[in-house]
Structures are given as structure tokens and as C-alpha cells.
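Overview (structure and organization)
Below are the chains, spelled out letter by letter.
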Amino acid sequence: MAQLMDIDELANYLRLRKQTIYNWLHEGKISGIKVGGVWRFYRKDVDNWLKSRKRLSKSEEGQ
């Protein structure tokens, strides 16, 4: 079964404030689902989103 995180767990996982997560949701930078009025996030989707945001360092680009 896919692991769902609530807003507190996601903020802790990303080491961000909850308000930052809410801002990203409003801006469409991150997606989630609302269950019973509470935002939920699939850990797999968050991990994939993080991987898509990865940038190589200059030393990695030259290799």
C-alpha cells in the first residue's frame, strides 16, 4: 500500500514550515489530495517530484 503523509509529516520530511507547503499547493508547485478536508501526499510522488527538481553541480556537469 502506498504511504500517505499529512501536512505535518511532509513538512518534517522536507524540513520546511507547513506554510511553505500550503504556499506550494496554492502555487501548483506540489500536488496532493484532500481527504476529509486534510491534505495528504503520497511519499512516492514527493520523492519523484524531488528527483525531478535535482540539479547537477558544476563538477558533475563536466564529468
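Each value, and the rule that gives it
Residues numbered from 1 in each chain as written. Predicted model: local features only at pLDDT ≥ 70, side-chain atom pairs only at ≥ 80, totals over all residues. Heavy atoms only, no water. Axes fitted to C-alpha atoms, helices over the stretch in contact; angles between N-to-C directions. Helix = DSSP H or I, 4+ residues; strand = E, 2+ residues; numbered from the N terminus. Left-handed = near helix turned anticlockwise from the far one by under 90°. Contact = heavy atoms within 4.5 Å. Nonpolar A, V, L, I, M, F, W, Y, C, P; charged D, E, K, R; others polar. Pairing = 2+ DSSP bridges.

Two quantities define a packed helix pair, namely the angle between the axes and the distance from one axis to the other. One can describe the packing of helix 1 (residues 7-14) onto helix 3 (residues 43-52) by two numbers: an axis separation of 12 Å at closest approach and a directional angle of 35°. In this structure, helix 1 meets helix 3 at a crossing whose hand is right-handed. On the side of helix 1, the interface is formed by Leu10, Tyr13 and Leu14, while helix 3 contributes Arg43, Val46, Asp47 and Leu50. Split into classes, the residues belonging to the contact of helix 1 with helix 3 amount to five nonpolar, no polar and two charged.

Pairing geometry for strand 1 (residues 4-6) and strand 3 (residues 38-42), over three bridges, is antiparallel. Directly across from Asp6, in strand 3, lies its bridge partner Arg40. Direction of pairing for strand 2 (residues 33-35) relative to strand 3: antiparallel, over a ladder of three bridges. Of the residues in strand 3, the one forming a bridge with Lys34 is Trp39. Connecting strand 2 to the next strand, strand 3, in antiparallel fashion are two residues, including Gly36 with a positive phi near 60°.

Moving on to the environment of Leu10. Tracing the chain through its elements places Leu10 in helix 1. Sequence-wise, Leu10 and Arg43 are 33 residues apart; in three dimensions their C-alpha atoms are separated by 8.4 Å. Those residues in contact with Leu10, other than ones at most four positions away along the chain, are Met5, Ile21, Ile30, Phe41 and Val46.

Consider a sheet: its strands pair through backbone hydrogen bonds, and that pairing is either parallel or antiparallel. Ordered by their spatial adjacency, three strands build an open sheet running 1-3-2, and the pairing between neighbours is antiparallel. Edge positions in the sheet fall to strand 1 and strand 2, since each has one partner strand and no second. Each adjacent strand pair in this sheet contributes to an overall mean axis angle of 45°, direction not counted. Across the sheet, helix 1 is in contact with strand 1 and strand 3; its angle to strand 1 comes to roughly 95°.

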